[in-house]
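# Understanding the architecture of this molecule
Here is what each chain is made of, one letter per residue.
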Amino acid sequence: MPDDVTQLLESWSNGDRVALEKLMPLVYDELHRLAQRYLRQERSDHTLQSTALVHEAYLRMVNQKDVRWQNRAHFFGVAAQSIRHILVDHARSHRAAKRGSGAAKLSLDEAIGVPEKREVDLLALDESLERLSNLDPQQGQIVELRFFGGLSIEETAEALRISPATVKRDWVMAKAWLYQNLA
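Quick caveat: nothing in here was measured; it's all calculated off a predicted structure.

A word on the overall build of the chain. Per the secondary structure count, the chain includes 9 helices and 2 strands. Beginning at the N terminus, the succession of helices and strands in the chain can be written as α-α-α-α-β-α-β-α-α-α-α. The burial tally for the chain puts 50% of its 183 residues in the buried class. Of the contacts formed within the chain by residues at least 6 apart in sequence, a portion of 62% connects residues at least 24 apart. As presented, the chain carries roughly 9,500 Å² of accessible surface, and 49% of it is formed by carbon and sulfur atoms.

If you want it as structure tokens, here you go:
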């Protein structure tokens, strides 16, 4: 199936709209699981539902111009980035509506994989990730793909075209930087 997805992505990149129609059934369940994973980390009164989140992310991805899909990992990395942006935009509008209260929270250990349980504001995590990306774009991409995309070390390495050892090293450094920045 991963090879089928990669082939369809390549065909879609070359303008084949039929490939896009064949792709959706192959990736929908995984996109839905990804959305559910993120929504479990959101506040209990969150108004977005996983199906709506998947559809919004998919529409954003389909409407991108001149995307050259490299492979399945690249596709899900972009999907994760789209979901992240949707959730952050939603959290910003919710915060604005509440005048600063009720920001979306998730535990820091879930956010960056450290053992200590702490609550973290999704917007603060997003801002920290933006700062990290400005300092080290590769580490920012790794956090995005690993945390928001749910990709493995190997899938992240494939998507970024770097070695798994580099992903592991940068993942450890990025988590430490985020932990310190959010503390």
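A positive phi angle, near 60°, is found at arginine 161, a position not held by glycine. Examined against the element boundaries, arginine 161 turns out to sit in the loop between α8 (153-160) and α9 (164-182). We classify arginine 161 as exposed; its relative accessible area is 64%.

Moving on to α8. All of the buried residues in α8 are Ile153, Thr156, Ala157, Ala159 and Leu160. Along α8, the residues classed as buried sweep out an arc of 165° about the axis, all on the same side. Arginine 161 lies just past α8 and shows a positive phi near 60°.

Attention shifts here to the nonpolar core. With 53 residues, the main nonpolar core has Trp12 and Phe75 as its most contacted residues. Listing elements by their share of this core, those giving two or more residues are α1 (2-13), α2 (17-40), α3 (50-62), α4 (72-98), α6 (122-135), α7 (137-148), α8 and α9. Looking at this core element by element, the count peaks at 11 residues for α4. Filtering out sequence-adjacent residues up to four positions away, tryptophan 12 remains in contact with Arg17, Ala19, Leu20, Leu23, Met61, Val62, Trp69 and Phe75.

The next point concerns the packing of aromatic side chains. Applying the stated rule across the entire model yields 3 aromatic pairs. With a centroid separation of 5.2 Å and 85° between ring planes, the pair formed by phenylalanine 75 and phenylalanine 76 is classed as edge-to-face. On the accessibility criterion, phenylalanine 76 (3% relative accessible area) is buried. Taken together, the ring pairs in this structure connect Trp12, Trp69, Phe75 and Phe76 into an aromatic cluster. The ring of tryptophan 171 carries the charged tip of arginine 146 above its face, separated from the ring centre by 4.9 Å.

In this fold, serine 128 is placed in helix α6. In sequence terms serine 128 and asparagine 181 are 53 residues apart; their C-alpha atoms lie 6.8 Å from each other. Non-local contacts of serine 128, meaning those with residues more than four positions away in its chain, are made with Trp177, Leu178, Asn181 and Leu182. Within polar-contact distance, the side chain of serine 128 engages the side chain of arginine 131 at 3.2 Å.

Cut-off values and rules
All residue numbers here refer to positions counted from 1 along the written sequence of the relevant chain. A pLDDT threshold of at least 70 governs which residues receive local features in this predicted model, and a stricter bar of 80 or more applies before side-chain atom pairs are shown or counted, although totals over entire chains, interfaces and linings include all residues. Water and hydrogen atoms were dropped before computing side-chain values, which therefore reflect all heavy atoms in the structure. Only DSSP runs of H or I reaching four residues or more are called helices, and only runs of E reaching two or more are called strands; each is numbered from the N terminus. Only protein chains enter the accessibility calculation, which uses a 1.4 Å probe. A residue is then buried if its area is under 20% of the maximum for its type, exposed if over 50%, and partly exposed in between. Here a residue-residue contact requires only that any non-hydrogen atoms of the pair lie within 4.5 Å. For the accessible areas, the method is Shrake-Rupley and the probe is 1.4 Å, while residue cover comes only from the protein chains on display. Working note: the arc is built from the helix axis to C-beta atom directions. Residues belong to a common nonpolar core when they are buried Ala, Val, Leu, Ile, Met, Phe, Trp, Tyr or Cys residues joined through side-chain atoms within 4.5 Å. Aromatic contacts are taken between Phe, Tyr and Trp rings whose centres are within 6.5 Å, Trp giving its six-membered ring; a plane angle under 30 degrees counts as stacked, one over 60 as edge-to-face, and the others as tilted. Consider the ring centre and the ring normal. A charge sits over the ring if Lys NZ or Arg CZ is within 6 Å of that centre and within 35 degrees of that normal. Whenever two N or O atoms come within 3.5 Å, that pair is a polar contact, provided that in protein one can donate a hydrogen and the other can accept it, and provided that, for residues adjacent in sequence, both atoms are side-chain atoms.

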